[in-house]
4 protein chains.
Amino acid sequence: MRVDLNSDMGEGFGRWPLGDDGALLSIVSSANIACGFHAGDPSVMLSTLTMAARRGVSVGAHVSYRDLAGFGRRFMDVASDDLTADVAYQLSAIRGMARIAGTSVGYVKPHGALYNRIAADPVQAEAVVNALVRVDPGMALVTLPGSVVGDIAAKAGIRVIREAFADRAYTPQGALVSRRVPGAVITDVDQVAARVSRMVREGVVTADDGGDISIQADSVCVHGDSPGAVAMARAIRDRLVADGIDIVPFVDVASGGDRV
Amino acid sequence: MRVDLNSDMGEGFGRWPLGDDGALLSIVSSANIACGFHAGDPSVMLSTLTMAARRGVSVGAHVSYRDLAGFGRRFMDVASDDLTADVAYQLSAIRGMARIAGTSVGYVKPHGALYNRIAADPVQAEAVVNALVRVDPGMALVTLPGSVVGDIAAKAGIRVIREAFADRAYTPQGALVSRRVPGAVITDVDQVAARVSRMVREGVVTADDGGDISIQADSVCVHGDSPGAVAMARAIRDRLVADGIDIVPFVDVASGGDRV
Amino acid sequence: MRVDLNSDMGEGFGRWPLGDDGALLSIVSSANIACGFHAGDPSVMLSTLTMAARRGVSVGAHVSYRDLAGFGRRFMDVASDDLTADVAYQLSAIRGMARIAGTSVGYVKPHGALYNRIAADPVQAEAVVNALVRVDPGMALVTLPGSVVGDIAAKAGIRVIREAFADRAYTPQGALVSRRVPGAVITDVDQVAARVSRMVREGVVTADDGGDISIQADSVCVHGDSPGAVAMARAIRDRLVADGIDIVPFVDVASGGDRV
Amino acid sequence: MRVDLNSDMGEGFGRWPLGDDGALLSIVSSANIACGFHAGDPSVMLSTLTMAARRGVSVGAHVSYRDLAGFGRRFMDVASDDLTADVAYQLSAIRGMARIAGTSVGYVKPHGALYNRIAADPVQAEAVVNALVRVDPGMALVTLPGSVVGDIAAKAGIRVIREAFADRAYTPQGALVSRRVPGAVITDVDQVAARVSRMVREGVVTADDGGDISIQADSVCVHGDSPGAVAMARAIRDRLVADGIDIVPFVDVASGGDRV
């Protein structure tokens, strides 16, 4: 039995560090690396890619709206052609930087508000998929199970990776409970670790009404932007390993640079 | 007999257009395309690259300091590692975008203050050359004849293209007369066209003391950011053609995308 | 009889000029000046404010979402406190710059996507009004007649200026016809000039179904970002003057700097 | 006997916090607050100004080159008029925000590379002083003793505050030892506290050759961007208080908003 653990990395910018990427790289199998539009200047990108390459961790492009001040967390009504160009630019940049660092970009995970938007908005979803198709349709796309962008990507021949969130509560319909609702984020480390293990082993998770629901997770997202977050990520990994689950990336980690 | 004509393009940004790229593409053989750090958002880049590809014009990366507000015209005391990363990021981005547009990036021409600085500063010159070497040492570098960055690039095995300026006065030592000096920029169209033709045919230009000096120009830079500039560029081309000189790029124009 | 004519100005940024502010300042009575978030770097702001002060044209703050790449034309889902702070920052900056230039900021006109959004969104409208109230409730607000932000501002004791658009078609309900609809923008100069004159003299305009509707316009917006636009603006002014209408700002033009 | 302690604050940006401003505000008497060009978005500015106002800490404008990616630590060759406009814009913005927060800006301390540059470069120094004079010559300027900008400001009638650095080694000539030299930064807390106390009580400090030199410090700069830095700042304050020295700002803290 196996699963991928992914986490956001390389989210510093200039003078401002963010998160403990060094610790995370010994925990996760896939690193979502910022491309400069919500975080991640070129120096941060290059050093994070180099660290990931050395540790044998798979790397993905964490593409975003162009919004450093808002960290890519604010929806922006970007026209389709501009969004395609913005994503293609970020993908191009990180792919070249990855090759320098001795690795390659195996997948794309949209960040923040863009991730949420294209789960439901077919116009922006199409624009993002167009960028993938034009740059390299061999890259996988990480998204919520059942998302609109997942459907569009699949139709375009792109491999879709279904993602679950380790510390988030789910509704009986399988959606994430809004962060505005009390209990939306689960903070008990043992409980979170047990939930993730059960997701992988049984394909189920307990929803916020107490009932079990089915959940398909090719990759589970963990966080690393606080000391508590790193400890939780480590506990999740330890629990999975103890339960006999292999933590492996969903794409092969290239050793010799970009495949293109 | 042959020479390359190059011009800066794709220097709009968002709402702000700049220059008449459409007209220039019927005049020059090489297009220096902004990469987003001094000008050129992703949409502008993609459309300019696409136009250049359709017209069979060679494309180069017009890399810059990160300074939109100053259009890359202000020296910045960037640390070497950061400068290497900044240039590598821009090169990576435009190379990927060029492949989407059906062409490839054959050369690098640093822009504005960076161009001037690395003609004389070995530290920043080394940082820029390092970026080229790491991204693709097969790209040529456009610089002033005798520049420090040209020497460093040549030692690193990079092809160096010597550039002359069509409308600029030269000192008896072969340096450009400072723009602050009256007469530094020659505005008479016929005179400029005749000078360029003589540079190519005879390898000489009349310096500002009236004497002739030797000048080696693999490529001649023309401008297109005003109606008068486009007319002058066209006059230069017409004169060269009338004098039996072929206008051809110094690198082959790829038809099937990036060579890498 | 009197009316104000307003136009956007100071929308260059660094290397990129935009529009013919010099020509517009001899036409309009109020200048909406960009504050740096969608356009207008500090040098552009200062020179535009100085020109307006010399010509005796009233100045307003053209505040925007923080989006240079999109020229403030894309809706952004900014949190209320952040939006209030962003607008307060822009208002503070331009008020100080106006005082240096020998004038003062008499009003606020939100720009682009923000202007449209707060005509209908009470949350962002409230955030913008909060900024005005905190910075100086003596400044007027320019908005569409009947807009949500107008109601909120009026309740907060702010003077609300109702704006009409010279070259836009109106629905029978008095709303602007969407730019996506053919005929949304009227390009015949004489027709536009006649419409504006009738708006002022009779308080009516012909809607796109051919019927007349009532329209209350304290200020009419004209454009200046193309040669044709300036000519149309001048024709509107000439027609109004010929029809005996005075072109006067709706706020007094300060002569000795900020009133605060 | 009395002295001012100052520290940089409000240097977060969007998602990225920096330093422990809450702790510092109970230690220092003057807060240098970022204005958005090297750090400090409008929300951060407003909350930092509000905290400072509540704690009765004097506030100053920490103006910078426009360089978020480099945190204002890289020299930029900005033209004089542009530099004056950039500084005037920042001063205007923070003065308006300070009034909203119930305080006023009593002084200006240039940040990073700009601080260092104008200590010796008369052209950029003049440009910065021009901005102060135009916005409000009643604000004081914080700079190194003997700096070029201090002389220019004094001639323009601006009050000049001489600044010493708590943890930096000095040459026998009274200059700061370059950070590239081992021992440039003193890390022993007791030693630093003792040096600061002696600077204030005796007007001398031990230079890096072991001899005592004269030093005039109206204000001493302490740091707060690491847990160790805050502890050192607190130790300095405690030592000064124990030695009978009052920690008081060099400008009065306004209670009712901007004086203008």
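Keep in mind that what you see is a predicted model, and the values were worked out from it rather than measured.

Along chain A, the regular secondary structure elements total eight helices and 10 strands. Projecting the C-alpha coordinates of chain A onto the three principal axes gives extents of approximately 45 × 40 × 35 Å. Every one of the 260 residues in chain A was classed for burial, and the buried ones make up 60%. Sequence-distant contacts, at least 24 apart, represent 73% of the contacts inside chain A between residues at least 6 apart. When the accessible surface of chain A is summed, it comes to about 9,400 Å², and 49% of that surface belongs to carbon and sulfur atoms. Of the side-chain charges in chain A, 25 are positive and 30 negative, and the distance between the mean point of each set is 2 Å.

Further remarks concern unusual backbone geometry. Residues and elements named next belong to chain B. If you check the backbone angles, Phe-71 has positive phi at about 55° while not being a glycine. As for its position among the elements, Phe-71 is in the loop between strand S3 (58-62) and helix H3 (80-100). With a relative accessible area of 2%, Phe-71 lands in the buried category.

Before going further, it helps to examine the interface of chain B and chain A. With 26 residues of chain B at the interface, the matching set in chain A holds 27 residues. Taking both sides of the interface into account, the surface hidden between chain B and chain A amounts to around 2,100 Å²; carbon and sulfur atoms contribute 59%. At the surface where chain B touches chain A, the tally comes to zero salt bridges. Taken together, the links from chain B to chain A amount to four residue pairs in polar contact (both at pLDDT 80 or more). When residues of the side of chain B that touches chain A are traced back to their parent elements, those giving at least two are helix H2 (42-55), H3 and helix H5 (122-135) of chain B. Here the side of chain B that touches chain A takes 13 residues from H3(B), the largest share from any one element.

The two copies are related by a screw operation: chain B maps onto chain C through 180° of rotation and 0.0 Å of translation along the axis, at an RMSD of 0.0 Å. Both chain copies can therefore be described as sitting about a two-fold axis. Using C-alpha coordinates, one finds that chain B approaches the rotation axis most closely at Trp16(B), a distance of 3.1 Å. With an isologous cut-off of 70% or more, the 100% of interface residues of chain B that recur at the interface of chain C puts this contact in the isologous class.

The next subject is the pairing of strand S6 (residues 160-165) of chain D. Residue and element names in this part refer to chain D. Pairing of strand S5 (residues 140-143) with S6 involves three bridges; the strand directions are parallel. Its bridge partner lying in S6, Thr-143 is registered against Arg-162. With three bridges joining them, S6 and strand S9 (residues 219-221) adopt parallel strand pairing. Each residue of the ladder has a partner; that of Glu-163, found in S9, is Ser-219.

Each partner contributes residues to the interface: chain B has 15 residues there, and chain C has 15 residues. Summed over both sides, the interface of chain B with chain C buries roughly 1,200 Å², with 67% coming from carbon and sulfur. Of all residues in chain B, Phe13(B), Arg15(B) and Trp16(B) bury the most surface against chain C, accounting for 58% of the area lost on that side. For the interface between chain B and chain C, the tally reads two salt bridges. Residues Arg15(C) and Asp225(B) are paired through a salt bridge, measuring 3.1 Å at the closest nitrogen-oxygen approach. Where chain B meets chain C, there are four residue pairs in polar contact (both at pLDDT 80 or more). Looking at the side of chain B that touches chain C residue by residue, the classes come out as eight nonpolar, three polar and four charged.

All names here are of chain D. Tracing the backbone shows Ile-27 in the loop between helix H1 (21-24) and strand S2 (30-34). Accessibility expressed as a relative area gives 0% for Ile-27, which makes it buried. Distance from Ile-27 to Val-105, taken between C-alpha atoms, is 19 Å for residues 78 residues apart in sequence.

Because the α-helix completes a turn every 3.6 residues, residues three or four places apart line up on one side. Taking 1.5 Å as the rise per residue, H5(B) with 14 residues should run 20 Å; its terminal C-alpha atoms sit 20 Å apart, in good agreement. Here H5(B) has its buried residues at Gln124(B), Ala125(B), Ala127(B), Val128(B), Val129(B), Ala131(B), Leu132(B) and Val135(B). Elements that come into contact with the buried residues of H5(B) comprise helix H3 (80-100) of chain A together with H3, strand S4 (105-108), helix H4 (112-118), strand S5 (140-143) and helix H6 (148-155) of chain B. Sitting at the amino-terminal end of H5(B) is Asp121(B), which places a side-chain oxygen 2.8 Å from the backbone nitrogen of Val123(B).

Right, let's get into the relation of the copies chain B and chain A. Superposition of the two copies of the chain requires a rotation about an axis and a shift along the axis. Turning chain B through 180° and shifting it by 0.0 Å along the axis lays it on chain A, with an RMSD of 0.0 Å. Comparing contact sets, 100% of the residues at the interface of chain B also lie at the interface in chain A, consistent with an isologous, same-surface contact.

Let's shift gears to the packing of aromatic side chains. Evaluated as defined, the whole model comprises 30 aromatic pairs over all chains. Between the aromatic rings of Tyr65(C) and Phe75(C), the centroid separation amounts to 6.1 Å while the plane-to-plane angle is 75°, which identifies the pairing as edge-to-face. Of this pair, Tyr65(C) sits in the loop between strand S3 (58-62) and helix H3 (80-100) while Phe75(C) sits in the loop between S3 and H3, placing them 10 residues apart in sequence. The same class applies to Tyr65(C) and to Phe75(C), which are both buried. The rings of Phe13(A), Trp16(A), Phe71(A), Phe13(D), Trp16(D) and Phe71(D) are connected pair by pair, giving a single aromatic cluster. Sitting above the plane of the Phe37(A) ring, Arg66(A) keeps its charged end 5.2 Å from the centroid.

Here we take up helix H7 (residues 189-202) of chain B. All names here are of chain B. Over its 14 residues, H7 extends 20 Å from the first C-alpha to the last, a length consistent with the 20 Å expected when each residue adds 1.5 Å. Those residues of H7 not exposed but buried are Val-192, Ala-193, Arg-195, Val-196, Ser-197, Met-199 and Val-200. Looking at the buried side of H7, the elements it contacts are strand S1 (2-9), strand S6 (160-165), strand S7 (204-206), strand S9 (219-221) and helix H8 (227-242). The distance from a side-chain oxygen at the start of H7 to the backbone nitrogen of Asp-190 is 3.2 Å, and the residue carrying that oxygen is Asp-188. Of the residues trailing H7, Gly-203 is marked for its positive phi of about 70°.

Tracing the chain through its elements places Ser197(C) in helix H7 (residues 189-202). At 2.4 Å, the side chain of Ser197(C) forms a polar contact with the side chain of Asp243(C).

Among the nonpolar cores identified, the biggest contains 316 residues, and Ile236(A), Ile236(B), Ile236(C) and Ile236(D) are the most heavily contacted of them. Those residues within four positions of Ile236(B) in sequence are excluded, and the remaining contacts are Leu5(B), Ala166(B), Val192(B), Ala193(B), Val196(B) and Val222(B).

Here the focus is the pattern of salt bridges. Within the structure shown, the criterion is met by 48 salt bridges over all chains. A salt bridge links Arg198(B) to Asp212(B); the nearest nitrogen and oxygen atoms lie 2.3 Å apart. Here Arg198(B), found in helix H7, pairs with Asp212(B), found in strand S8 (residues 212-214); they are 14 residues apart in sequence, far enough to count as distant. Across the pair Arg162(C) and Asp218(C) runs a salt bridge, and its minimum N-O distance is 3.1 Å. Remark: Asp218(C) occurs in the loop between strand S8 (212-214) and strand S9 (219-221) and Arg162(C) occurs in strand S6 (residues 160-165); sequence separation between them is 56 residues. Here Arg162(C) falls in the partly exposed class, since its relative accessible area comes to 31%.

Rules and cut-offs
Residues numbered from 1 in each chain as written. Chains lettered and ligands numbered in written order. Predicted model: local features only at pLDDT ≥ 70, side-chain atom pairs only at ≥ 80, totals over all residues. Heavy atoms only, no water. Helix = DSSP H or I, 4+ residues; strand = E, 2+ residues; numbered from the N terminus. Buried < 20%, exposed > 50% of the residue type's maximum accessible area, 1.4 Å probe, protein only. Contact = heavy atoms within 4.5 Å. Areas by Shrake-Rupley, 256 points an atom, 1.4 Å probe, with all protein chains shown as cover. Lys, Arg positive; Asp, Glu negative; His and termini not counted. Charge placed at Lys NZ, Arg CZ, Asp CG, Glu CD. Buried area = accessible area lost by both parts, 1.4 Å probe. Salt bridge = Lys/Arg side-chain N within 4 Å of Asp/Glu carboxyl O. Polar contact = N/O pair within 3.5 Å; in protein donor to acceptor, adjacent residues only side chain to side chain. Least-squares fit on C-alpha atoms with pLDDT ≥ 70 in both. Pairing = 2+ DSSP bridges. Nonpolar A, V, L, I, M, F, W, Y, C, P; charged D, E, K, R; others polar. Expected span 1.5 Å × (residues − 1). Phe/Tyr/Trp six-rings, centres within 6.5 Å; stacked < 30°, edge-to-face > 60°. Lys NZ or Arg CZ within 6 Å of the ring centre and 35° of its normal. Core = buried A, V, L, I, M, F, W, Y, C linked by side-chain atoms within 4.5 Å.

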